Every structure is written in structure tokens, then in C-alpha cells.
Amino acid sequence: MQNKVYHRIEQITGSVIVVKADGVINGELAQVEAAHGMSLAQVIRLENENVYLQVFAGGRGVSTDTKVRFLGRTMQVPFSENLLGRIFTGSGVPRDKGPAITENMIEIGGPSVNPAKRIIPRNMVRTGIPMIDLFNTLVESQKLPIFSVAGEPYNELLAQIALQAEVDVIVLGGMGLKHDDYLFFRDKLDESGALSRSVMFVHTASDPTVECLLVPDIALAVAEKFALQDKRVLVLLTDMTNFADSMKEVAITMEQIPSNRGYPGDLYSQLASRYEKAVDFEGSGSITILAVTTMPGDDVTHPVPDNTGYITEGQFYLKNGRIEPFGSLSRLKQQVNNRTRDDHRAIMDTMIQLYSSFKETLEKQSMGFRMSDWDSKLLKYGERFEAEMMTITVNVPLEKALDNGWRILADCFHPSETGIATKLTDKFWPKG
Amino acid sequence: MSENIGKIVGVNGNLLKVEFNMPVIQNEVAYACVGDLRLKAEVIRVRGNNAELQVFESTTGVKVGDPVEFTGDLLSVELGPGLLTQVFDGLQNPLPALAEQCGFFLQRGTYLKALPRDVKWAYTPALKVGDVVVAGDTIGTIPEGLFAHRVMVPFKLRGKWTVDKAAPAGDYTVEETVAVLKDEKGNTADAKIMQIWPVKMPIKCYAERLRPTESMATKLRTIDTFFPVAKGGTFCVPGPFGAGKTVLQQIMSRNAEVDVVIIAACGERAGEVVETLREFPELTDPRTGKSLMERTIIICNTSSMPVGARGASVYTGVTLAEYYRQMGLHVLLLADSTSRWAQALREMSGRLEEIPGEEAFPAYLESVIAAFYERGGVVRLNNGTTGSVTIGGTVSPAGGNFEEPVTQATLKVVGAFHGLSRSRSDARRYPAIDPLDSWSKYPSVVDQDNVATARKLLRDGNEVGQMMKVVGEEGTSIDNFVVYLKSEYVDATYLQQNAFDEVDSSNSVERQEYVFGKLLGMLKTKLKFASKDDARSFFHKLTQACRDWNSNAFQSAEFKQTEEQMGKMLAEVSDYAE
């Protein structure tokens, strides 16, 4: 093992430093001794004898004669049962008062799963929230972001789903988290007793940018190992926009040509290689990923939510404290909602179509047009739908939610007005 | 093992800079050696005695000074029996075999042969000694699933060749020589069962290219009737995320009336490929009675697989398609999504520090896309039969904005445009193909004039709908209001199709002709209503009846009964005054 020490720094730009060294491998780790203490760094580019290193703690305080010692290995994270109940930083250092764990080190950012070894997702994850269970069912091994804007209760929603979902292990990756939010997650998991089956990797807003980049990789590498031990793992990532912004910061420092609003051209591939870790292993465990993506200015065409939407299997769109039916989508719901109850799909489609008509009527109403009979029916329906289905605090099992749906339809419409096939209305339409 | 060895002098992401001494070829394949691993790469630029290579794998662990072997071959695929039913990655590695060898994960540096070498195929010769042949002519046949797989004179041979030796009927492996050919100058060439062909070069062993005129039925009403695709045509499906691009492609891959379907999943979700992978073997192809997988090849380079191989996957797909076309078959290539491939080009262009074009895409984007779609087409082969490659590509425009470079470059070169709209998918109107914006240059399965009539009604209805938003229902005449309701009816019962209903999900051309005829009859009938509410309630009922009709098997007793019921409903409100 070579552990050569280099003293001469050729260049310092942002968090990237350049040293002249040989025999260094791409992706290798190094220790950088700066004025403010020791930091890890990773090789990100080689050019003849020039080695470009990204310093995890940032370039601030690095002097031109800083000592750089190469470790001869790539980034690793410990993995064992002892991780459960523990909290770490973005580079794997304990954030709680527990001891450091160094046993059984595993590589992060490992290879992709062979598609031939994946299986079709088949288990519904029940959350008790009608907007999810009924309209956009969450499925085990799904990757799903929550699109939202700053100020919305997305972390609360994330925590609520995490606590209700039946999983074996919860891995939380916090990126650029406010310190308060970090404490919120910790306390929430602790109160419900879920902390003992959770691992947290938290980068707070005040920590160095580069550590933020490591969080998803570390969290997912650990999750993958648990999943291979037949565990059902739920990974919570918040907030992926911070992750993308860190990537942008580093790319620009490296003088890469930006593609869209300053983000690097490989934003899609970078996000995809993380989200695609969601998997249901044939004959073993699974990884389900729920991630928060805040949309700057509530703009879904912003590069981060836009690229995310193309990668993930749908999204929950959280607005005004409600999961909006338009813009929200679970692509995997078809895998499970044919096995819940006969009327699930019909209720799901019809209620949304009618809600869409209700929105049009609202527009007409706001412009002062006369309301027809049909419009009045829709207005009545829309109000009931929002109050009894959309409110996030409604917590009922799916079957109850379906019954409520029929009740609302029956109170507002004649069966033929709903467009539901006759054989279903005959069976489910509430009598009397 | 190659003699030509270079030395790595720089690593930047998946781009290597390599110093070389002997000649190298642009786009040749090279292997970077890292310990025991050999990572496949392609030469993409040469400057002085430095070659720049894009590596198809992660470059972690590569160091300056590591050797690189240049092979002298362009990036190629193996062509021969055994391709159908397979699942390959972008570089034609068979994924199930890879899974057997490596387990859950894709280990880098492991490459397997695309065609199994130990399988023996029952070969029947079609030539005898003394016959004169040209490239692409049939030497013999091998039964492969549904087809007689033609073993052909190597595509790379030029001019006329005489058969010198011909192997008798028997069982052979793909590497065995089945004919020896001789040209006028006395050069000889061995023809093996398997051929190797560079993916970026079109196979051109045919008599002439024809104009695509024959419709390729997809059993989707919106497409076949309104925006048809011809065999040998090209089409694109742009749409924002969540509008149903992939679902639409999946439906087409099941229903399309072609001989072979090749699915190139390029930089998209692995889960979607898995659905096809697991479901197709279980599904029956109504045309042949066999499993759908028998006519399918899947090329998948999903979003988390190495970016470099992403571009290769669409070329691998189209080369396999051309190969089966050479056998006189009709092939459909579905590429999902071409935007990911364009992004891979952009990533590489950025690493090469080329001057960026619009949205940082390279300036050569348009010509690359055009050259790809131009590989589609219907051709008359040397033996008089025709074969075709139909190419359908999805486009994932950033922000759902069709003005972006990839969509625009694609629209210029395709024959049909199925634009998906967010507003339709939000309203759960599937398939979300926008009936006003989309277009096709190919002939419809029903009468073209009638389609024009229906499209006019849709446009008029939309205008009335827009107008009503401003002037309200009370400001709209009842005649206009009925036009609006009629257009909504066409949308609800003809354009929309329930992909989960066994009957409704696929409509034969025959059924489309029949139902469209009925629909047109209704559209042309003048209807009379006492009030707008009456009109609305009539159309609500008619829509529901027609949806029931859509899920009745064609010409079944139920079908006829519902039809009669709808006829009666219509008769009650028909205005016979004129």
C-alpha cells in the first residue's frame, strides 16, 4: 500500500485542489491536512501528473504547502447491524455521541442492478392517506419524489409516510437540512420507536458542500446491503434539489460547460444513478425511495424537478398542504390497484375526471357566468371531494376511502352522469 | 491480442486521453486495462499522438500509465440466429447470461458473446456450387422460432461472387463456414452463419428503397385512424413526463402488426424494461398464437447503466432491425428515449470541450438524429420481396417544451408526430395524443375525407369550447353547443381508449372502419334539443352507452344489442326537417 505524502499544491479553486503525483487511481481518497484540521478528499480527474482532488471540507484554509496523503482506496462506508439507531454526517462520521464504526467497509456508488434480476413490483405500501392509497398508490421498490415549494410541510409528510409504512429498515439521507428539520426527524423517529430501525446520514445547511454530494451514495449503499439481507428498506432523501445545487457548484468550479440554468449536462445521469437504486431483488429484499424535491418558484419545468420527473416512477405534488391530484402520479399503481377491489380503478379515474370538470366550472364561476344544473352538481361535488379526500390529515384505510368515494358520487350525481360502466354502478352504487 | 498498445495520460469522467505510437482508427474499439479488468472504449477524437476515448464503463480505479489495447475494429454487433427473444445491453451483452455469471449486479469489464457458440442450428442450403451471388443473397435457411432465418452472403462483399463450395444440410454452430465464395479475380471469402457488422453503418444490400404507403396497424384508434404510421415510416412521440410515452410504446410493441419488434430502452427506467421482460413471455401474439417474446428483441441500457453505451444501444437496435429486414420481414424499432441518447452526446461533447450549440447540445445533433431516422424505410430486396424498418422514437423534452433542440431536430425528419399533452393526461384522457397538434403524412386505415371531416369537427368543437370560456354557456348558440358536445363525444369514445380493458385496448382495422363509419353517421346527423341541459344529458347517456359498446367484443350479440340501443337513442333526437 502506497501512502506517499505530497506537500506542493499547484492550484486551489473552490473545493478543488491540484497536486502533482503519480500512481494515483481515479476516485482514490486522500487525507488533506489543512489549517482547520484534517479532511478527506477524492480524486475526480487525472491529467498527466496533475491530480484534481475534491476536498470534502472545502478549499477554505488549504495552504499551498498543505500535506496530502493518498489512501490507496476509494470512498467506503461501514456496514453492520450496529448502524441502526445511529446518526452520521455526510462523510460517515458519527453525529451523535456514539463511537465511530470502522468494521466491514463497503464501496459506495456501486454498479447498477442487472435488469434481468429485477422483478415486477407487486406489493402496495399502505399509507392511510386517500390521495396516495386510492389515487396514486405507493408500491414497494418505487422511487417517488415529493415535489413541493419551500414552506410546505413536505418533511412532515415524509415522516408520516415513513412511520405508517410497513418496512424493516429506514435510511434517512438529509442534504442541506436545516438543523431544526434534522432534529424534527430525529425526535419524530425516536418518539414512535422507529429510531432503533433507522440509520440517518445528515448533512446540514452549515456543513461543507461536498459532503452533501456524498449523502445519497452513502445512504443508498447501506440500504442496498440491508436489502440484500432480505430486508424491506425505505430510503428517505431530503432535499434532492440541494444535492443538485451542490453538483452545480462543483461543476462550475471545475469549469464544465453548463447545459441548462447552470446545471451540468450530466444532471439526468447523476440523479438517475441514485434513484435507480430503488429495486425489488429477485428472491431478496427491496429498496423504496421517497425523496423531496423543492421546486424553486413552484416551477415544475426547473431542471431539477424536470429531470427528476423523467427518472422517477411518478411524483406527489404537495401544494397548500394537500397532495394535488393534477401533477401527482404513481406510475406503478397499475401493478397493484387491480388486486385491491373491483371498483378501485373506476373510482380513481372517475373522481379525478369529475374533479377536473369541477375546476373548469370554478373558472367559469369566477368569471361570473350563470351556473347550469350540471355546474351546481359539480360545485357540490368538488367541495366534498376536497374536504373528504384531499385533506392530508384524513387517515383511513383504502377500502373505507373507496366507500367514501361512492357516497360522495351518490350524493351529487345520477349513475349515468359519472360514466362508470353499468356493471360497477349496479354493484357498488349506494342504495337509498 | 492486439499489438497496438497505448498509454493512458488523462482521466476525466468516462473520457480517457491515451498516448499512442502505431496508427489508430477513428471510432475503433479499444480496451483500457485496469489490473485484470478490460474496460471497453471507443476512439472519438484524435489529436497529434493523443487519442480520446469514451469508456462504456465507470472509470474508477483507472490510473495514468495504464495500458490501452487498440483492436482495429469498429464498434460492431453479431448477426445470426438466436437474436430473437434475447435481452441485450447497449453493447449486445446478453443480460440473462450475465446475471447467471455475475449475480445481481452488472460487473464492469465482463463481456459475453451475443450469440451462443455451442448451439447447433439445423441448416438447409439454398445455393449450389457455381451459382452467382451478391452481398445479401440467401445462402441457406435456419428455422428460428417463427421464421426461416436466412443465412446471407456477407454484407461487406462487393461485386459478384461465385459459389465455390457449399456445405450440405446439417447442424452447424454460428461460427462454422457454410459456403466459400470466389470473385472474378480469384479472391475467396468464407461465409459463416454469423456476420459481424459495424453498428454505425447502414446495411444497404437491397435493390431499391420504396416510398412507405402501407399502414402498420397499431390497434390504437387515434393512431390508425387519425395519425397513422406506415410500414417503413418514422414517427416520434414527444411529451412531458407522466404523459404516457412509455405506456404508449408498450402498447404498440404488443399490438403492432409487424413480424419483429425491437425495443431499445435507452437511458430510461429499469422498471419499465422489467415489465416487458417479465410479461412478454406470458402474453400470446394473436397473429401467431405464440408468445410475444418470440418476435421480440430487447436492447436495454437503462438510466443508471453507463452513459457511454447509451448511444450505442439505439445503433445496436437499428442494426439488428436492418438485419431482419434483409430477410424480407417487417420490423418495428421502438427507441425510448432519444433525448437520453442526445444527452449522452451532450455529456461527451462537454468533456471534449467542443463549442456548445443550443442548450449545450453539440452542433452536429441534428445531422446525427437525421441519419438515425433515415435508417428506417421500406426496401425491395434483390430477390424481389420487400422488407421494412419502422422507427418510432420518444422524445423527452425538458420542461415539456417542444421548442427544444431534440424535438425540433426530430420533427424535421419523421413522417408522423404524436404529440402528447400534459392537459390531456391531467384530465386522464388517454392516450394523451393531442388531436389538434399531431400530424401524419401517411395514409389512414379509413377514408381520408372522413378523417378530415372528423378533424374539422374536433377543431370546431375546441373553438366553441374556448369561446365558451369567455362568453359562457349562455352566450353560445345551441347549434354551436351541440358541435362542442359532439367533439367531446368523439374524444371520449373514439380518441380515448382504455388500455386496461381487454377488448377496448386493441381495435382491429376492421372494427375501426365499422365504428368510425357509425361515428361519422352520428356526426353528420342534425340533432334537435329543447335545451342545452337536454343536449348535455343526452350526450352523457350516449357516451356511457358507447363506452359499454367499446368493451363489447366485435360483432358479438352484446355488441349488436348496444349498437341497436344507441341507434334508438339517436333516432329520438334526430332532426329530419332537412
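Residues numbered from 1 in each chain as written. Chains lettered and ligands numbered in written order. Predicted model: local features only at pLDDT ≥ 70, side-chain atom pairs only at ≥ 80, totals over all residues. Heavy atoms only, no water.

Structural notes on the packing of aromatic side chains
Scanning all chains against the criterion turns up 42 aromatic pairs over all chains. Between tryptophan 341 of chain B and phenylalanine 372 of chain B the ring centres are 5.2 Å apart and the planes differ by 65°, which places this aromatic pair in the edge-to-face class. With a gap of 31 residues between them, tryptophan 341 of chain B in helix H6 (residues 338-351) and phenylalanine 372 of chain B in helix H7 (residues 365-373) connect regions that are remote in the sequence. By the burial criterion, tryptophan 341 of chain B is buried, and phenylalanine 372 of chain B matches it. By the ring-pair criterion, three or more aromatic residues cluster together here, those being Phe135, Phe326, Tyr355, Phe358, Trp374, Tyr381, Phe385 and Phe413 of chain A. The ring of tyrosine 263 of chain A carries the charged tip of lysine 248 of chain A above its face, separated from the ring centre by 4.4 Å. (Phe/Tyr/Trp six-rings, centres within 6.5 Å; stacked < 30°, edge-to-face > 60°. Helix = DSSP H or I, 4+ residues; strand = E, 2+ residues; numbered from the N terminus. Buried < 20%, exposed > 50% of the residue type's maximum accessible area, 1.4 Å probe, protein only. Lys NZ or Arg CZ within 6 Å of the ring centre and 35° of its normal.)

Structural notes on the interface of chain B and chain A
Taken together, the contact between chain B and chain A spans 79 residues of the former and 78 residues of the latter. Both sides together, the interface formed by chain B and chain A hides about 6,400 Å², and carbon and sulfur atoms give 54% of it. Looking at the side of chain B facing chain A, the largest losses of area belong to Phe104, Phe241 and Arg428 of chain B, adding up to 13% of the total buried there. Applying the counting rule to chain B against chain A returns 4 salt bridges. Close ionic contact of arginine 278 of chain B with glutamate 282 of chain A constitutes a salt bridge, the shortest N to O distance being 3.5 Å. Remark: the boundary between chain B and chain A carries 32 residue pairs in polar contact (both at pLDDT 80 or more). Counting residues per element, the ones that place at least two in the side of chain B that touches chain A are strand S1 (5-12), helix H1 (95-102), helix H4 (270-279), H6, helix H10 (448-471) and helix H13 (532-550) of chain B. For the side of chain B that touches chain A, the element with the most residues is H4 of chain B, which contributes 8 residues. Of the residues assigned to the side of chain B that touches chain A, the class counts are 28 nonpolar, 24 polar and 27 charged. (Contact = heavy atoms within 4.5 Å. Buried area = accessible area lost by both parts, 1.4 Å probe. Salt bridge = Lys/Arg side-chain N within 4 Å of Asp/Glu carboxyl O. Polar contact = N/O pair within 3.5 Å; in protein donor to acceptor, adjacent residues only side chain to side chain. Nonpolar A, V, L, I, M, F, W, Y, C, P; charged D, E, K, R; others polar.)

Considerations on the environment of phenylalanine 481 of chain B
Residues and elements named next belong to chain B. Mapped onto the elements of the fold, phenylalanine 481 is located in helix H11 (residues 478-495). Looking at phenylalanine 481, the relative accessible area reads 0%, which means it is buried. What phenylalanine 481 contacts, discounting residues up to four positions off in sequence, is Met468, Glu473, Thr476, Lys532 and Arg536.

Considerations on the domain arrangement of chain A
Residues and elements named next belong to chain A. Domain annotation for chain A reports domain 1 (5-74), domain 2 (81-336) and domain 3 (344-428). Inter-centroid distance (C-alpha atoms) of domain 2 to domain 3 is 33 Å. Opposite the 23 residues of domain 2 that make contact, domain 3 presents 21 residues. Both sides together, the interface formed by domain 2 and domain 3 hides about 1,900 Å², and carbon and sulfur atoms give 66% of it. Between the two partners, domain 2 and domain 3, sit 1 salt bridge. Arginine 126 serves as the salt-bridge partner of glutamate 399, at 3.2 Å between the closest nitrogen and oxygen. Counting across the domain 2 and domain 3 interface gives 4 residue pairs in polar contact (both at pLDDT 80 or more). Elements with a minimum of two residues in the side of domain 2 that touches domain 3: helix H1 (130-135), helix H2 (154-164), strand S22 (322-323) and helix H8 (333-336). If one sorts the elements of the side of domain 2 that touches domain 3 by residue count, H1 sits on top with 5 residues. Within the side of domain 2 that touches domain 3, the residues separate by chemical class into 11 nonpolar, 7 polar and 5 charged. (Domains from an automatic or database assignment.)

Focus on the sheet that holds strand S13 (residues 161-166) of chain B
Residues and elements named next belong to chain B. Read from one edge of the open sheet, 4 strands run S10-S13-S15-S16, paired in antiparallel fashion. Looking at which strands have only one partner, the edges of the open sheet turn out to be strand S10 (132-133) and strand S16 (188-192). Here strand S15 (residues 177-182) runs beside S16; their pairing, made up of 5 bridges, is antiparallel. In the strand pairing of S16, threonine 177 is matched with lysine 192. (Pairing = 2+ DSSP bridges.)

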